[in-house]
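# Notes for the structure review
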Amino acid sequence: MTQPTRLFDFPYYQLKNKPNAKALITKYHGNWEAISTQEYVDKSNAMSRGLLRLGVKKDDKIAVISSTNRTEWNIMDIGILQLGAQNIPVYPTISVEDYEYVLNHSESIYCFVSDEEVLEKVKKIQDKTKIKEIYSFDRIEGCKHYSELLELGKDDSNQPEVEACKDAVKPQDLATIIYTSGTIGQPKGVMLSHWNITSNALDSSPRVPLLEGENRVLSFLPICHVFERVLIYVYQYAGISIYYAEALDKIGDNAKEVKPHLMSVVPRLLEKVFDKIMLKGEDLKGIKKALFFWAVDLGERWEPYRANGWWYEFQLKIANKIVFSKWREALGGELRTMVSGSAALQPRLARVFGAANMKVMEGYGLTETSPVVTVGLYKNNMYKVGTVGQPIANVEIKIADDGELLVKGPNVMLGYYKDPEKTASVMTGEYFHTGDKGEIDKDGFLKITGRKKEMFKTSGGKYIIPPLLENDMKQSRFIEQIMVIGEGEKMPAAIIQPNFEFIRDWIDFKGYNIGKTEEEIATSEIVINRIQKEIDKFNQNFGKWERIKRFELTSDVWSIKSGHLTPTMKMKRPVIKEIYQDLYDKIYRS
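The structure contained in this document is the topic of the report that follows. Fair warning: this is a prediction, and the values are worked out from it, not measured in the lab. (Residues numbered from 1 in each chain as written. Predicted model: local features only at pLDDT ≥ 70, side-chain atom pairs only at ≥ 80, totals over all residues. Heavy atoms only, no water.)

## Things to note about the overall build of the chain
Heads up, the rule is: In this description a helix means any DSSP run of H or I spanning at least four residues, a strand means any run of E spanning at least two, and both kinds are numbered starting from the N terminus. Any two residues having at least one pair of non-hydrogen atoms within 4.5 Å are treated as being in contact. Every accessible area reported is derived by Shrake-Rupley at a probe size of 1.4 Å, with residue values counting cover from the shown protein chains alone. Here Asp and Glu are counted as negative and Lys and Arg as positive; His is not counted, and neither are the chain ends. By convention, charge coordinates are those of NZ in Lys, CZ in Arg, CG in Asp, or CD in Glu.
What the chain contains, in helices and strands, is 21 helices and 27 strands. When the backbone C-alpha atoms are referred to their principal axes, the chain occupies close to 70 × 55 × 50 Å. Relative to all contacts within the chain whose residues are 6 or more apart in sequence, the contacts with residues 24 or more apart total 66%. For the chain, the exposed surface amounts to about 25400 Å²; the carbon and sulfur share of it is 51%. In the chain, the 81 positive side-chain charges and the 80 negative ones have mean positions that sit 5 Å from each other.

Right, dumping it as structure tokens:
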């Protein structure tokens, strides 16, 4: 095999070219347990043989739902795909109703779950679906364990049948249906072929900065999302050891143990990491505190490629030694690059982490584009703060007359499952309409300026682009979430979820005699006035017609579970507006 052409080719490519004794590593009962490339291939084949004996055949759909990334997910992925069947990854955090919709719409016949919580959700709706059996990765009483299928596949007498199935799979065949977490309505099933994702992994690989010798990555973004999934194939192609984090709240601990060289992130995570660092800085005293904030100020002025000159670089060297080195230690000490996707990254964060020698390469893509369209790379001058990089090989972009970004390439989806009309509505020839507005600068760097559907006009006819305002305002440590409103109204306004964790510390620091419950914080005049100061400060970055004139605070924590956010942490704008209709009316009708 010269190059992979189908998704299940990746482990075989690794086995032939870059076999790894620690290919996939997951923590079980407090211990990191690794499997080699050879074990990965052997277990995947055993899974394929077991599935064949269950009666699974080409184009059958098998759902996989895991609360965390883990080795079993990869074994299932390859085991399913080798048969010409399709892997249907499902977000573990969606509602029971969405589980029912996805499992029925995809016509999945088997379901693999990670743990008891997911199992209970699936069992509630199993009798309303075509699911014949549920298997679990964890050992759960009353549920079949996934190892039963490995045992069923132990007898390799039907391996020739597996090989025949593999040979019958063509690069253009359907590999997976990924249900996008839409901000409006039911999820859409995006059909991606083997070549859609494989070509994207191969074309993205040159943008991944690798070190000579052993490389370690820490994976924690949901593997059911195509962003992390394609990176996992990229890592396999490169022969990198993939460590799966235990949970989102264990990333710091796991990073210290693993000492990763690379990991993927979302902006929200970096914002939280930065907020925690800043809180620790606030607790320092005297010269230590002064040096800390001197270093942060220096970091916020960072420019790539030593553009600030020798004196700045000299100061930065000192800041790295006495301040930023401690930041790196908190993430294992060897992290050099983070790949960021899913939402816009604040330029301030790109600068600060860049200054701290943990460069954030921002990328852009959609599930429909498998997903990578553009991404930055520090070497070869392919990085620019405030942009999402340049297009990867074989992918073309252009801006339509109305400012919408269009994408063409082998990574563009086959279409939406069972919805040819919806598919036709987003395609013009071979170009996919992203729904995002963007600009391409003279050097070919892409900047995303907002969602086409999220733009609105005030009653005065002025255009407002909410994400631009929101991304700026979220630089405030007092603001956790903010949604700009005002379509058809006389002025823009905002509904805000305060950063309760930070504000509680701020109350202690200031010695204010006010309550600390969410309700008390959201209704406190002291807090409201302080957030007004933040709004006033960031408003200066915008034209008078764009500025936030009024806002209301909510006492709820916006979350996936409560319905405010999608599984990829995007705001469900219509849902949020409906939940806080009373606040909306208070702003515009009182």
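## Side note on the pairing of strand β17 (residues 396-399)
For clarity, the cut-off: Following DSSP output, two strands are said to pair if at least two bridges run between them.
Sheet topology places β17 next to strand β18 (residues 404-408); 4 bridges connect them, and they run antiparallel. Each bridged residue has a counterpart across the sheet, and for isoleucine 399 the counterpart in β18 is leucine 405. With antiparallel pairing between neighbouring strands as the criterion, β17 and β18 make up a hairpin whose turn holds 4 residues, including glycine 403 at a positive phi of roughly 90°.

## Comments concerning the sheet that holds strand β12 (residues 262-265)
Operational definition: With axes taken as lines fitted to C-alpha atoms, and helix axes fitted only over the stretch in contact, angles between N-to-C directions fall between 0 and 180 degrees.
What the 9 strands build is an open sheet, ordered β2-β1-β11-β10-β12-β13-β14-β15-β16; its pairing is mixed. Across the chains shown, the open sheet's two edge strands, defined by having one partner strand only, are β2 (31-35) and β16 (390-391). As paired strands, strand β15 (residues 372-375) and β16 are joined by 2 bridges and run antiparallel to one another. Among the inter-strand pairings, threonine 374 is bridged to a residue of β16, identified as proline 391. Sitting on the sheet, helix α11 (residues 267-283) touches β12, β13 (337-340) and β14 (359-365), and the angle it makes with β12 is about 105°.

## Topic: the nonpolar core
Stated precisely, the cut-off is as follows: Side-chain atoms within 4.5 Å link the members of a nonpolar core, which is a set of buried Ala, Val, Leu, Ile, Met, Phe, Trp, Tyr and Cys residues. For the exposure calls, accessible area comes from a 1.4 Å probe over protein chains only, and a residue counts as buried if that area is under 20% of its type's maximum, exposed if over 50%, partly exposed in between.
Judged by nonpolar contacts, the single largest core of 117 residues is most densely connected at Leu51, Phe112, Tyr146, Phe324, Trp327 and Met338. Here this core takes 9 residues from helix α9 (residues 226-238), the largest share from any one element. Sequence-distant contacts of leucine 51, defined by excluding residues within four places in its chain, comprise Val56, Ile62, Gly79, Ile80, Leu83, Phe112 and Leu149.

## Some thoughts on the state of the cysteines
Going by this rule: Two cysteine sulfurs form a disulfide in these notes if their separation is within 2.5 Å.
Tallied over the entire structure, the rule returns 0 disulfides. Among the cysteines around cysteine 143, which has no disulfide bond, cysteine 111 carries the closest sulfur, lying 9.2 Å off.

## Section: the side chain of asparagine 196
For clarity, the threshold we go by: Definition of a polar contact: a pair of N or O atoms within 3.5 Å, with one able to donate and the other able to accept a hydrogen when the atoms are protein atoms, and with sequence-neighbouring residues admitted only if both atoms are side-chain atoms.
On the secondary structure map, asparagine 196 appears in helix α8 (residues 194-204). In terms of polar contacts, asparagine 196 uses its side chain to reach the backbone carbonyl oxygen of proline 410, at 2.8 Å. Within polar-contact distance, the side chain of asparagine 196 engages the backbone oxygen of valine 412 at 3.0 Å. Setting aside residues no more than four positions away along its own chain, asparagine 196 makes contact with Met191, Ser370, Pro410, Asn411, Val412, Met413 and Leu414.

## What to know about a nonpolar patch on the surface
Put simply, the rule is: Only residues whose relative accessible area exceeds 30% and that form no salt bridge enter a patch; like-charged residues are grouped when within 9 Å of one another, and nonpolar side chains (Val, Leu, Ile, Met, Phe, Trp, Tyr) when within 5 Å. In the sections that follow, a salt bridge refers to a side-chain nitrogen of Lys or Arg positioned within 4 Å of a carboxyl oxygen of Asp or Glu.
A surface patch of nonpolar side chains, about 760 Å² in accessible area, is lined by Ile287, Leu291, Trp310, Trp311, Phe314, Ile318 and Ile322. When contributions to the nonpolar patch are tallied by element, the ones reaching two or more residues are α12 (286-299) and α13 (310-330). Its location among the elements puts isoleucine 322 in helix α13.

## Regarding the pairing of strand β4 (residues 86-89)
Across the two faces of β4 the burial is the same, with Gln86 and Ile88 and Asn87 and Pro89 all buried. Across 4 bridges, strand β3 (residues 61-65) lies against β4 in parallel orientation. Residue pairing in the sheet places isoleucine 62 in a bridge with asparagine 87 of β4.

## Thoughts on the packing of aromatic side chains
The condition is simple: Two rings belonging to Phe, Tyr or Trp (six-membered ring only in the last case) form a pair when the distance between their centres is within 6.5 Å. Interplanar angles under 30 degrees mark stacking, angles over 60 mark edge-to-face geometry, and anything in between is tilted. The criterion is that NZ of a Lys, or CZ of an Arg, lies within 6 Å of the ring centre and within 35 degrees of the ring normal, and then a charge sits over that ring.
Tallied over the full model, the rule gives 22 aromatic pairs. Relative to phenylalanine 314, the ring of tryptophan 311 has its centre 5.6 Å away and its plane inclined at 20°; by these criteria the two rings are stacked. With a gap of 3 residues between them, tryptophan 311 and phenylalanine 314 both fall in helix α13, about one helical turn apart. Exposure remark for tryptophan 311: the relative accessible area of 48% places this residue in the partly exposed category. For the ring pair phenylalanine 324 and tryptophan 327, a centre distance of 4.9 Å and an interplane angle of 75° mean the geometry is edge-to-face. Of the two residues, phenylalanine 324 and tryptophan 327 both sit in helix α13, 3 residues apart, roughly one turn of that helix. Pair check on accessibility: phenylalanine 324 and tryptophan 327 agree, each one buried. One residue, lysine 18, lies across the ring of tyrosine 237, its end atom 5.9 Å from the ring centre. A cation over an aromatic ring shows up here: lysine 398 above the ring of tyrosine 431, its NZ or CZ 4.2 Å from the ring centre.

It is worth stressing that arrangement in space is one thing and function is another; only the former is reported here.
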